[in-house]
Amino acid sequence: MAAVKQTFFQECEEQLAELETGLLAMERGEAESDTVNAVFRAVHSIKGGAGAFSLEDLVQFAHVFETTLDHVRNGALEPTADVMAIMLRAADLLADLVAAARDGHTVDSGRSEVLVGELTALSPGGAEAEAEEEDDMSDFSFTPVTVAFDFSDAPVETGRSYTINFKPRPELYAKGNETVLVLRELERLGELDISCDASGLPSLAELDPEGAYLEWTIKLTTEKGEDAIREVFEFVEWDSSLTIQAADAGSSDAESATDSTEDAFAALLRSIQGDEAALPATTAEIIPLPLAEEREAVAEVEAQPAKAAAARNSEGGASAAAPQTIRADLERVDRLIDLVGELVINQAMLSQRVMEAGHVPGSAVALGLDELEHLTREIQDCVMAIRAQAVKSVFQRIPRLVREVASMTGKQVRLITDGEGTEVDKTVIDRLNDPLTHMIRNAIDHGLEKPEVRIAAGKPAEGVVRLSAMHRSGRIVIEVADDGAGINRSRVKAIAAEKGLIAADAVLSDEEIDNLIFLPGFSTASEVSNISGRGVGMDVVKRSIQGLGGRLSIASRPGKGSTFTMSLPLTLAVLDGMVVTVADQTLVVPLTAIIETLQPKAADVHGLGGGARVIAIRDTFTPLIDVGRELGFRNTATDPLAAVAILVETEGGRRSALLVDTIQGQRQVVIKSLESNYRHVPGIAAATILGDGRVALIIDVDTVIANSQSDVTILEPVLAAAG
């Protein structure tokens, strides 16, 4: 049961994510039937699973939440902004109750009581109607003895007929489930004919209020199969007696069963009321009017999506089957990736041994190694695809954060997301949440102005925060942009000097001033609040991004807003690289940064003051960077005419030429973290193991170029004049 319970909580995470996505869509005015049904289904699934494990607090609250959502489904409750605000808070509490059940702690009962009261008040007629309904249900002196539903207005479908016998046990009702909700779900599958057998109903003196005495016989005609029917009963099947049989076209058995049920009900009425004349003439007359109206409204509302679905199927044929998935423990997947990495290393070692043995490229051994290399690459690609996840799992948490921070700051904020389907390695996904949280809070708290300030500046009162993700040059780039006031550089510099982070007379460029906000202890907040002011935030963001092998940059325009750009590797496992030699050291340059390689000519290389050099490439002057000297492998500059130039491009689009001694070739290498095994080294992104067993360092191209920016700064006016 422990394993089953763990699976339940895993599924709860998925259901909660679907619930939040659906509620946010409803808040935006997208309250289509499919969306509302998905939201209802998520809460119903959580309640059903919680009932199986006797999680009473979770079951009780989910039941109230489900009832309110059902009113939205049948059109009795309009999803206005106020209603959605309550439902979103209810979703928060539901998530907290799930977490409490999983971790073994409790949630404040007062908080639950408040939300239960608010949800109940949303029901048509409010709490008084709910109380009256309970009073009516407690008085069985006028309870109808025969129950029948008229689904004549429901959409009629052709298909196979099934006879369903459904007899709830007391445990079903104790867990907050309701027979009516189950029948409504069945109605979505096709045409229903329902009868209720109350022959087991005792006299009032012997009646147990918590008992279960009714049995339902349901004839369903549907194009769906038995699996779809059992899915409706998935959370109540354990607490009921259920049989599902394919029925024949004849209806004599059902009619006789109905007749016998009516006779039993009539006898019961006579024993209770002592007056045979009190028995209604027809079963239609004894259906409570509110229930009859409710069924009519539900049939009318739910007929539309059913008809639309039928139309779509008739136009486009049968819908594609949902992809089949399996659950796999993450540790097993990580182990598989580690083994694939070792396979890549051993394949490279084997290839090198064969080359050293003198086998010609066309030999049988060499051809076999080529095939092995292709298979290894395919295995690696497939394994990495298993770990790939869309950033949607991170992005879908942001709307709630935006709404909360906007409420706390008194600002009007509209969030725009783009690229939610962009895929990246799960390791990166798991570590993106904290940096994104800090950046979004910073954008709203420090970036956007108050509504009155924006209006005075000629801007809309509502500020915009844009969150986007995209693939670029073999990396994932995530941007957080706002249309606020931008970075107040004079204030940032003054605060940094006041806190002793820089010298008061320091001369800094705009870019250097912008980067001051990443210093530990820096904050522009005038007072400490729940959002900011403690000097902890953006420095944490930068360290987190660097820990992922990524980079963080800022672009800000006063009065227009700021854009924070995170550039991260798609995977932390393997990469394609160019193996080069620099001062007898073997290095790897990521292939995604390389544009071309070339042999410098004397006529193309030009020296400038301060030892700086440029190379002319197709009428464009590009800075030359000596990798060996930049990384400290040698003190003297290398001769560019005896070296190889690798033209690379940074994430920001800046091009430079890296000087290396020789190029060994292109290889796929397994990434090994240098920071976790040694320490952080500027200009080095990670390390790898080569085919001969040696360790090679992987160059961080952007950092190498950034560290030589003093030379580039000197060159820029000269290059501009020359170009």
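Peer 1: Help me understand the overall build of the protein in this model?
Peer 2: Per the secondary structure count, the protein includes 25 helices and 22 strands. The buried share among the 723 residues of the protein stands at 41%. Expressed as a percentage of contacts within the protein between residues at least 6 apart in sequence, the contacts between residues at least 24 apart total 71%. Put simply, the protein shows about 37100 Å² of open surface, and 51% of that area lies on carbon and sulfur atoms.

Peer 1: It is not clear to me how the nonpolar core should be interpreted in this structure. Could you clarify?
Peer 2: Nonpolar side chains tend to gather and get buried jointly when the protein is soluble and globular. Counting residues in hydrophobic clusters, the biggest one holds 44 residues, and the most contacted among them are Leu436, Met439, Ile440, Val465, Ile478, Val480 and Met566. Excluding anything up to four places from it in sequence, Val480 contacts Leu436, Met439, Ile440, Ala443, Val465, Arg466, Leu467, Ser562, Thr563 and Phe564. Val39, Leu55, Val72 and Ala100 belong to the second-largest nonpolar core, a separate cluster that totals 43 residues.

Peer 1: It is not clear to me how the sheet that holds strand E6 (residues 412-418) should be interpreted in this structure. Could you clarify?
Peer 2: Two pairing modes exist for strands in a sheet, parallel and antiparallel, and in both the strands are linked by backbone hydrogen bonds. Overall, mixed pairing links the five strands, which are arranged E6-E8-E9-E11-E10 in an open sheet. Pairing within the sheet leaves two strands with one partner each, and these edge strands are E6 and strand E10 (551-557). Going across the sheet, the axis of each strand differs from the next one's by a mean of 15°, ignoring polarity. In this sheet, strand E11 (residues 561-569) lies alongside E10 in antiparallel orientation, the contact comprising seven bridges. Along E11, the bridge assignment pairs Arg551 with Ser567. On the sheet, helix H17 (residues 433-447) packs against E6, strand E8 (462-472), strand E9 (475-482), E10 and E11 and is oriented at approximately 25° with respect to E9.

Peer 1: Would you explain unusual backbone geometry in this entry?
Peer 2: In terms of backbone geometry, most residues other than glycine have negative phi values and most peptide bonds are trans. Phi at Ala583 is positive, roughly 50°, even though this residue is not glycine. Residue position: Ala583 is located in the loop between strand E12 (574-582) and strand E13 (585-590). In the Ramachandran plot, Asp619 falls in the positive-phi region, its phi being about 65° despite a non-glycine side chain. Tracing the chain through its elements places Asp619 in the loop between strand E16 (613-617) and strand E17 (620-626). Judged by relative accessible area, which is 79%, Asp619 ranks as exposed.

Peer 1: Can you walk me through the pattern of salt bridges in this structure?
Peer 2: Between side chains of opposite charge, a pair can form as their charged atoms come close. Tallied over the full model, the rule gives 19 salt bridges. A salt bridge links Asp70 to Arg73; its shortest N-O distance comes to 3.3 Å. Linking Asp70 with Arg73, this pair stays in helix H3 (residues 56-73), spanning three residues, or about one helical turn. Exposure remark for Asp70: the relative accessible area of 8% places this residue in the buried category.

Peer 1: So what exactly am I meant to see when it comes to the packing of aromatic side chains here?
Peer 2: Remark: the centre distance and the inter-plane angle together describe each pair of aromatic rings, the angle taken between the planes. A complete count under the given rule lists four aromatic pairs for this structure. A centroid spacing of 6.3 Å and a plane angle of 50° characterise the contact between Phe61 and Phe65, whose relative ring orientation is tilted. Within this pair, Phe61 and its partner Phe65 are both found in helix H3, separated by four residues, close to a single helical turn. Comparing Phe61 with Phe65 shows no difference in burial state: the two are buried. Joined through ring pairs, the aromatic side chains of Phe8, Phe9 and Phe53 make up one cluster. Here the guanidinium or amino end of Arg73 rests over the ring plane of Phe40, the centre of that ring lying 3.7 Å away.

Peer 1: Any chance you could explain the packing of H17 against helix H21 (residues 538-547) here in plain terms?
Peer 2: How two helices pack is summed up by the angle between their axes together with the distance between the axes. Look at H17 against H21: their axes get within 9 Å of each other, and the N-to-C directions meet at 145°. Like other packed secondary-structure pairs, H17 and H21 cross with a definite hand, here left-handed. Two secondary-structure elements touch here, H17 through Pro435, His438, Met439 and Asn442 and H21 through Met538, Val540, Val541, Ser544 and Ile545. For the contact of H17 with H21, the per-class residue count stands at six nonpolar, three polar and no charged.

Peer 1: Teacher, can you tell me more about the pairing of E13 here?
Peer 2: One face of the sheet, then the other: side chains in a regular strand alternate in exactly this way. Where burial is concerned, most of E13 is hidden: five out of the six residues are buried. Bridge analysis of E12 against E13 gives six bridges, and the strand direction is antiparallel. In the sheet register, Thr581 faces E13, and the bridge partner there is Thr586. Here E13 pairs with strand E22 (residues 695-699) via two bridges, running parallel. By the bridge assignment for E22, Leu587 is matched with Leu697.

Peer 1: Looking at this structure, I do not really get the sheet that holds strand E15 (residues 605-607). What am I missing?
Peer 2: Taken together, the six strands give an open sheet; going across it, the order is E14-E18-E19-E17-E16-E15, and neighbouring strands pair in mixed fashion. Every interior strand has two partners, whereas the edge strands, strand E14 (594-598) and E15, have only one. Within the sheet, the average angular offset between the axes of one strand and its neighbour, ignoring direction, is 30°. Across three bridges, E17 lies against strand E19 (residues 655-660) in parallel orientation. In the strand pairing of E19, Ile625 is matched with Leu658.

Peer 1: Would you mind going over the confidence of the model for the protein with me for this structure?
Peer 2: Reading fine detail from the predicted coordinates is not recommended where pLDDT is low. For the protein, per-residue confidence averages 76 on the pLDDT scale, and 79% of positions sit at 70 or higher. Across the protein, helix H18 (residues 451-456) holds the top mean pLDDT of 92, while helix H11 (residues 289-316) sits lowest at 43. A low-confidence stretch, residues 151-157 stays under pLDDT 50, and its non-local contacts, those more than four residues away or across chains, total 15 contacts. Counting contacts from residues 710-723, a segment whose pLDDT is below 50, to residues more than four positions away or on other chains yields 13 contacts.

Peer 1: Would you take a moment to explain the packing of helix H2 (residues 33-52) against H3 for this structure?
Peer 2: Close contact between H2 and H3 brings their axes to 9 Å; oriented N to C, the two are set at 160°. One finds that H2 runs roughly antiparallel with respect to H3. Crossing angle aside, the handedness with which H2 passes H3 is left-handed. Facing H2, whose interface residues are Val36, Asn37, Val39, Phe40, Val43, His44, Ile46, Lys47, Ala50 and Gly51, H3 presents Leu58, Val59, Ala62, His63, Phe65, Glu66, Leu69, Asp70, Val72 and Arg73.

Peer 1: Any chance you could explain helix H4 (residues 81-103) here in plain terms?
Peer 2: Since the α-helix turns once every 3.6 residues, residues separated by three or four places project in the same direction. Relative to the 33 Å expected for 23 residues at 1.5 Å per residue, H4 spans 33 Å between its end C-alpha atoms, a close match to the ideal helical length. Phi turns positive one or two residues past the end of H4, at Gly104, with a value near 85°.

Peer 1: Quick question: what am I supposed to make of the environment of Leu570 here?
Peer 2: Looking at the element boundaries, Leu570 is found in the loop between E11 and E12. Between the C-alpha atom of Leu570 and that of Ile429, which follows or precedes it by 141 residues, the distance is 9.8 Å.

Peer 1: Which parts of the structure should I look at to understand helix H5 (residues 109-122)?
Peer 2: Over its 14 residues, H5 runs 20 Å from end to end, which matches the ideal 20 Å to within 8%, given 1.5 Å per residue. Buried within H5 are the following residues: Ser112, Leu115, Leu119, Thr120 and Leu122. Burial along H5 is one-sided: seen end-on, the buried residues are contained in an arc of 145°. Counted as exposed and oriented over 90 degrees from the buried face of H5: Glu113 and Ala121. For H5, the side-chain oxygen to backbone nitrogen distance between the N-cap and Gly110 is 3.2 Å, and the N-cap itself is Asp108.

Rules of the game
Residues numbered from 1 in each chain as written. Predicted model: local features only at pLDDT ≥ 70, side-chain atom pairs only at ≥ 80, totals over all residues. Heavy atoms only, no water. Helix = DSSP H or I, 4+ residues; strand = E, 2+ residues; numbered from the N terminus. Buried < 20%, exposed > 50% of the residue type's maximum accessible area, 1.4 Å probe, protein only. Contact = heavy atoms within 4.5 Å. Areas by Shrake-Rupley, 256 points an atom, 1.4 Å probe, with all protein chains shown as cover. Core = buried A, V, L, I, M, F, W, Y, C linked by side-chain atoms within 4.5 Å. Pairing = 2+ DSSP bridges. Axes fitted to C-alpha atoms, helices over the stretch in contact; angles between N-to-C directions. Salt bridge = Lys/Arg side-chain N within 4 Å of Asp/Glu carboxyl O. Phe/Tyr/Trp six-rings, centres within 6.5 Å; stacked < 30°, edge-to-face > 60°. Lys NZ or Arg CZ within 6 Å of the ring centre and 35° of its normal. Left-handed = near helix turned anticlockwise from the far one by under 90°. Nonpolar A, V, L, I, M, F, W, Y, C, P; charged D, E, K, R; others polar. pLDDT = per-residue confidence, 0-100. Parallel < 35°, antiparallel > 145°, perpendicular 65-115°, else oblique. Expected span 1.5 Å × (residues − 1). Arc of directions from axis to C-beta. Polar contact = N/O pair within 3.5 Å; in protein donor to acceptor, adjacent residues only side chain to side chain.

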